[in-house]
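As a plain string of letters, each chain reads:
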Amino acid sequence: QHKDAYQVILDGVKGGAKEKRLAAQFIPKFFKHFPELADSAINAQLDLCEDEDVSIRRQAIKELPQFATGDNLPRVADILTQLLQSDDSAEFNLVNNALLSIFKMDAKGTLGGLFSQILQGEDIVRERAIKFLSTKLKTLPEEVMTKEVEEFILTESKKVLEDVTGEEFVLFMKILSGLKSLQTVSGRQQLVELVAEQADLEQTFNPSDPDCVDRLLQCTRQAVPLFSKNVHSTKFVTYFCEHVLPNLGSLTTPVEGLDIQLEVLKLLAEMSSFCGDMEKLESNLKKLFDKLLEYMPLPPDEAENGENAGGEEPKLQFSYVECLLYSFHQLGRKLPDFLTAKLNAEKLKDFKIRLQYFARGLQVYIRQLRLALQGKTGEALKTEENKIKVVALKITNNINVLIKDLFHIPPSYKSTVTLSWKPVQKADASQKRASEDTTSGSPPKKASAGPKRDARQIYNPPSGKYSSNLGSFSYEQRGGFRGGRGRGWGGRGNRSRGRIY
């Protein structure tokens, strides 16, 4: 008799608004007593979840976790995941809360439902399910996020990563790098390998394909925070030296207003600190050295073959030089006799002349910048113009320190600098003092290699050079552009569409 009574409640979903409201409450309340009607009950509740009356829908969704028992749980998770596509904010929040509550009952079962929709559901459902994972997983307690659950997330994520857009890839890296079991050295190594696979470092690099360039940059940005003295960046640094640097001038990007060359050089600089043993170190160091020379001009009076001819002052690209010099300094440590034994005497002499000329220009700038910033504190330093000057001072100080090292005989690779766009841990005031201490305002004085005093005095800074170059500085942190375009990693197969409850 009770079974008949329950059937009457189930039939209530076909009645009017009052009957539906009662059904939304009573179907879940007595659900566990009628296992033989489980399918009919879940289907009836589903009909209510799709009712035209928003209050009935909300009531039905709120009660869904009560159906999440035993074998029914993955199905309920699947249904709730599909309901994430709701545009009603109250309804959407109810779905989120319902998913979180069944997570605590059975995390793996819930994840099964979420991942089945990510792999096979409609685009809007896929997008919201990924967003749910990227924002909610980190809020779950340790007893829910066990090692076994985290392993399941990694396994399922690898399946999804076989076919993702740029933005989805960034979100999955956020999900995975937040997992406790991947905080270890071997965990980080696993993540770096995942990124390298996604970056497709085996493929031929095509600098004129914006999607190919964008994919490499997006992936490299995800890899950079994972590198450390135990997790090496060698694979990426090698690829950048061999394939990207030689094509630096012809890189294209789908992102408007981005200085793509500077972006690449900044990533290379950040990775160079964590490079391990490199197979073709000498040849890659040579590529880096040659690229550095392109941005280290000869003095106008010493230029030959038309380089800087006509006595015009060449532009000094400080941002580019900081990155290239830093990368060269980091990799040079691994082959300290590169400048003395691997270059012929003529080439070394030419390099020293370029360094001297650059060092002289630097001194003028450092003095001008210090003068401009003198006595300025707090609010005054926050104006756009002064922010640019503060960073410019960091850049010029860094280059100065590195050039001094290379002026040593033999060249030294001992100094350490913090790249200008990286945050410094100290407070602003002490940081300013520290940066002022790194250079006394005088040019390199090592041996006779340093510039002569009279040369310094008659040196005239190229007018407007400082301000025109600052326009190309880019101070935003990594990830200044993140791939909402889905370009390049684009049309993920033809997944099945429609409701698959």
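Residues numbered from 1 in each chain as written. Predicted model: local features only at pLDDT ≥ 70, side-chain atom pairs only at ≥ 80, totals over all residues. Heavy atoms only, no water.

Under an unreviewed UniProt entry, the protein chain has the name API5 inhibitor and belongs to Trogon melanurus. Reading the Subcellular location (unreviewed entry) entry of the UniProt record for the protein chain gives the comment "Nucleus". In its Sequence similarities (unreviewed entry) section, UniProt records this for the protein chain: "Belongs to the API5 family." (UniProt positions renumbered as here; feature names shortened; annotations may be inferred.)

S.K.: Could you give an account of the overall build of the protein chain, naming the residues involved and the relevant values?
M.R.: Summing up its helical and strand segments, the protein chain has 22 helices and 0 strands in all. Residue pairs in contact within the protein chain that sit at least 24 positions apart in sequence constitute 76% of those at least 6 positions apart. Accessible surface, the protein chain as shown: approximately 23,700 Å² in total, 49% of it carbon and sulfur. (Helix = DSSP H or I, 4+ residues; strand = E, 2+ residues; numbered from the N terminus. Contact = heavy atoms within 4.5 Å. Areas by Shrake-Rupley, 256 points an atom, 1.4 Å probe, with all protein chains shown as cover.)

S.K.: Summarise the environment of Thr340; cite the residues concerned and give the values.
M.R.: With respect to the element layout, Thr340 can be found in helix 17 (residues 338–342). Each C-alpha atom, one on Thr340 and one on Pro411, is 8.0 Å from the other, the two residues being 71 residues apart in sequence. Sequence-distant contacts of Thr340, that is, excluding residues within four places in its chain, are made with Pro410 and Pro411.

S.K.: With reference to specific residues and values, describe the packing of aromatic side chains.
M.R.: Applying the stated criterion across every chain yields a total of 14 aromatic pairs. Relative to Phe132, the ring of Phe103 lies with its centre 6.4 Å away and its plane at 25 degrees, an arrangement referred to as stacked. Of this pair, Phe103 sits in helix 6 (residues 89–105) while Phe132 sits in helix 8 (residues 123–136), placing them 29 residues apart in sequence. On the accessibility criterion, Phe103 (1% relative accessible area) is buried. Stacked on the ring of Trp421, the Lys or Arg Lys266 has its end atom at 5.2 Å from the ring centre. (Phe/Tyr/Trp six-rings, centres within 6.5 Å; stacked < 30°, edge-to-face > 60°. Buried < 20%, exposed > 50% of the residue type's maximum accessible area, 1.4 Å probe, protein only. Lys NZ or Arg CZ within 6 Å of the ring centre and 35° of its normal.)

S.K.: How would you summarise the side chain of Thr396 if you had to cite specific residues and measurements?
M.R.: With respect to the helices, strands and loops of the structure, Thr396 is situated in helix 19 (residues 384–407). Ignoring anything within four residues of it in the chain, the contact list for Thr396 reads Phe318, Leu362, Tyr365, Ile366 and Leu369.

S.K.: Describe the nonpolar core, with residues and values.
M.R.: Within the largest apolar cluster, 144 residues are counted, with the highest numbers of intra-cluster contacts made by Ile27, Leu80, Phe236, Phe328 and Leu339. Looking at this core, the element that brings in the most residues is helix 16 (residues 318–332), giving 9 residues. Within the second largest apolar cluster, 6 residues are counted, among which are Leu369, Leu373, Leu381 and Ala392. (Core = buried A, V, L, I, M, F, W, Y, C linked by side-chain atoms within 4.5 Å.)

S.K.: Give a detailed account of the packing of helix 11 (residues 185–199) against helix 12 (residues 210–223), specifying residues and quantitative values.
M.R.: The interhelical angle for the contact between helix 11 and helix 12, taken along N-to-C directions, is 175 degrees, at an axis separation of 9 Å. Classed by the angle they form, the pair helix 11 and helix 12 counts as roughly antiparallel. Residues Val195, Gln198 and Ala199 of helix 11 pack against Arg215, Leu216, Cys219, Gln222 and Ala223 of helix 12. Residue composition of the contact of helix 11 with helix 12, grouped by class: 5 nonpolar, 2 polar and 1 charged. (Axes fitted to C-alpha atoms, helices over the stretch in contact; angles between N-to-C directions. Parallel < 35°, antiparallel > 145°, perpendicular 65-115°, else oblique. Nonpolar A, V, L, I, M, F, W, Y, C, P; charged D, E, K, R; others polar.)

S.K.: I'd like a rundown of the packing of helix 2 (residues 17–30) against helix 3 (residues 38–49), residues and numbers included.
M.R.: Where helix 2 contacts helix 3, the two axes come as close as 10 Å, and the packing angle between them is 140 degrees. Accordingly, the angle class assigned to the pair helix 2 and helix 3 is oblique. The two elements helix 2 and helix 3 cross, and the hand of that crossing is left-handed. Between helix 2 and helix 3, the contacting residues are Lys20, Ala23, Ala24, Ile27 and Pro28 on the first element and Ala41, Ala44, Gln45 and Leu48 on the second. Residue composition of the contact of helix 2 with helix 3, grouped by class: 7 nonpolar, 1 polar and 1 charged. (Left-handed = near helix turned anticlockwise from the far one by under 90°.)

S.K.: Please set out unusual backbone geometry residue by residue, giving values where relevant.
M.R.: With an omega of -10 degrees, the peptide bond between Ile409 and Pro410 qualifies as cis. In this structure, Asp200 is a non-glycine residue whose phi angle is positive, near 55 degrees. Within the fold, Asp200 resides in the loop between helix 11 and helix 12.

S.K.: Tell me about helix 15 (residues 281–294), and name the residues and values.
M.R.: With 14 residues, helix 15 ought to run about 20 Å at 1.5 Å a step, and its terminal C-alpha atoms sit 20 Å apart, in line with that. Taken together, the buried positions of helix 15 are occupied by Leu281, Asn284, Leu285, Leu288, Phe289, Lys291, Leu292 and Leu293. Of the surrounding elements, those touching the buried residues of helix 15 are helix 13 (234–244), helix 14 (260–272), helix 16, helix 17 and helix 18 (345–373). (Expected span 1.5 Å × (residues − 1).)

S.K.: So what about the confidence of the model for the protein chain? Which residues, and what values?
M.R.: Mean pLDDT over the protein chain: 82, with 82% of residues reaching 70 or higher. Scored below 50 in pLDDT, residues 427–501 shows 164 contacts in the model against residues more than four places distant or in partner chains. (pLDDT = per-residue confidence, 0-100.)

S.K.: How would you sum up a negative patch on the surface? Please name residues and give values.
M.R.: There is a patch of like negative charges on the surface, built from Glu162, Asp163, Glu193 and Glu197. The residue Asp163 is located in the loop between helix 9 (147–160) and helix 10 (166–177) in this model. (Patch = residues over 30% accessible without salt bridge, like charges linked within 9 Å, V, L, I, M, F, W, Y side chains within 5 Å. Salt bridge = Lys/Arg side-chain N within 4 Å of Asp/Glu carboxyl O. Lys, Arg positive; Asp, Glu negative; His and termini not counted. Charge placed at Lys NZ, Arg CZ, Asp CG, Glu CD.)

S.K.: Before we move on, can you summarise helix 19 with the specific residues and values?
M.R.: Counting along an α-helix, one turn takes 3.6 residues, and residues three or four places apart therefore face a common direction. Here helix 19 contains 24 residues, and its C-alpha end-to-end distance of 35 Å stays within 8% of the 34 Å for a straight helix at 1.5 Å per residue. Counting buried residues along helix 19, 17 of its 24 residues qualify, which places the element largely inside the surrounding structure.

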